[in-house]
Structure formats: structure tokens, C-alpha cells
Amino acid sequence: MRLRLCTWNVNSVRLRAEQAARFMAEQQPDVLCLQEIKCREGEFPREAFVAMGLPHLKIAGQKGWHGVAIASRLPLEDAPALDVCREGHARCVGAKVAGVEIHNFYIPAGGDLPDRALNPKFDHKLDFYEKLTAEIAARDPKAPLAIVGDLNVAPGENDVWNHRYMSKVVSHTPVEVEAMWALHRAGQFTDLTRQAYPEPQKLASWWSYRAQDFRVSNRGLRLDHILVSPGLKAAAFVDGKARSRIHDDVREWERPSDHAPVSADLNV
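These lines cover the structure that appears in this document, whether it is placed above or below. (Residues numbered from 1 in each chain as written. Predicted model: local features only at pLDDT ≥ 70, side-chain atom pairs only at ≥ 80, totals over all residues. Heavy atoms only, no water.)

Brief notes about the pairing of strand E6 (residues 100–106)
Burial analysis of E6 places seven of its seven residues in the buried class, the great majority of the element. What you see with E6 is no split at all: Val100, Ile102, Asn104 and Tyr106 on one side and Glu101, His103 and Phe105 on the other are buried throughout. Alignment of strand E5 (residues 92–97) against E6, held across six bridges, turns out to be antiparallel. Along E6, the bridge assignment pairs lysine 96 with glutamate 101. The antiparallel pairing of E5 with E6 creates a hairpin that spans two residues between the two strands, and alanine 98 there sits at a positive phi of about 50°. Relative to strand E7 (residues 145–150), E6 runs parallel, the two being bridged by six bridges. When the bridges of E7 are listed, asparagine 104 appears paired with valine 148. Crossover handedness for the path E6 to helix H3 (residues 120–137) to E7: right-handed. (Buried < 20%, exposed > 50% of the residue type's maximum accessible area, 1.4 Å probe, protein only. Helix = DSSP H or I, 4+ residues; strand = E, 2+ residues; numbered from the N terminus. Pairing = 2+ DSSP bridges. Right-handed = clockwise from strand over helix to strand, strands pointing away.)

Below is the structure:
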């Protein structure tokens, strides 16, 4: 069975429920992992998601900020919690779908100053990565596991518009990049989008609202990821190739999120 898994920082689910329905109709994801839903659980537009064919929901909401959700065509089962946010924010939610354990994250952006001592937000971001890495290191790599979401790090030189400049900017500093690679090593993860579009191809999933035309300015970052464990890797390679893509056309829609959805197909 094909399981199409998608992650999307929707930047307010109530504002973009119609866009989610359009994306669902066009791309037919089986599981849609959302970040920055910016609402409490009772405020989530459940009826809209039922109508678009994603009736199974698991929501971790928070008033006005953060918030994550998993919306699925298939039934959801409980998954062990990965509660790694020291501030108690609604930044992670997990579930099992068709035997696959999925954890959906909105990792802190980290503020503007890349200094743990001077910037508590940056310290929180790295603490989040450290706690998550420790949790993943204790897991069985043979178990089918996907870590998805807005992980707020662009790890590679070709995941940013300008590596030299961005190396001094939060989201691509050496300490953040190393934190992400430590997570990769702990879980022996495979980055499906980068597998589908190998280096040195430039990739991005986020573009600032400041640019009137994001394609002309072309200053994007790849912040949104789908990572799979060794136990899921075989399912992620169809005929020897990873089936993953960034749906950057969604960024062109009217009143879009600043993030584009990212999808990957699994044979489960």
C-alpha cells in the first residue's frame, strides 16, 4: 500500500483550511502533519478536515502560538510520547499509522542571536535538539519510524540560498547544523527529500514574506524535513528511488504560508 506522508507548516490552520482542502484534492496525502496550527484543540477546524477526507486527528494545540496536528485518512493509534520541549509548548505530536510511527515536530526557531548564553530562545532550540537526540538514540533503529516537521535547520550548503552568509544566521549556523547531524546519526536517519534530489541541487521549503516575489528573490531555506529510520528505509525507496518532493507551487497560492508542503511516498 502506498502511504503518502506530508508535512506542512501551515502558519494558522483556520486561515488555511481551504488551502489544505485544495492540497488534499490535488496531491491526495494519506497523512498530513501540520505545524504552527495556532489554535487550541477545540478550535481546530475538524469538520473541514473530515470533509476533505482526513477524519482521523491527533492535535496538540496552544492558544495563539505553536501547535501541531496529525490528520490522517487512516486510523491513528497512540505512539510513545517524545516530550522534549522544556517550555511545555505544543511542539510535538505522535501517532502510529499503518504500522509506521510518526512524530511531528515544530522545533523552536531560535530567535535572532546565535548565542546560547545571551539568547534563551537559541538555548531552548539546542536543548530541544539535545533532548530529542537522546530519546532517539535509545530507540530500536529497526523499528519503522518517521521524524517529520518544521525542524528549523537548513543542514546542507545547498539547503540555503547563500552558505557563507547564512552560516552566521540562525537556522544554518555550525552549532545548529551539528545538532541536526547528531540527530541524524542517533537515528541513522535517511533524509528522503535530499535522497530524491541529491547534492548539489539547491532546495528550499521556506521563503520570507518580505519578498514580493519569492522566486525572483530566491532566498529560500530548506527547514521542513521527512527523516526515516533504517526500519522504514526500504519502504521509502520505490524501484531504488526515494519519492519525495517540495510542493513549492503552494507557496504561489493566494495568502500562502511562508512554508511549502513536503511529501514522501512509502510502500507499507
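Things to note about the side chain of histidine 103
For histidine 103, the position within the fold is in strand E6. A polar contact of 2.7 Å, which involves the side chain of histidine 103, links it to the side chain of glutamate 101. If we ignore the near neighbours within four places in the chain, the residues touching histidine 103 are Ala79, Pro80, Leu82, Val93, Gly94, Arg139, Leu145, Ala146, Ile147 and Val148. (Polar contact = N/O pair within 3.5 Å; in protein donor to acceptor, adjacent residues only side chain to side chain. Contact = heavy atoms within 4.5 Å.)

Focus: helix H1 (residues 17–27)
Those residues of H1 not exposed but buried are Ala17, Gln19, Ala20, Phe23, Met24 and Gln27. For H1, the angular spread of buried residues about the axis comes to 155°, placing them on one side. Turned more than 90 degrees off the buried face of H1, the exposed positions are Glu18 and Ala25. Looking one or two places after H1, you find glutamine 28, whose phi comes out positive at around 55°. (Arc of directions from axis to C-beta.)

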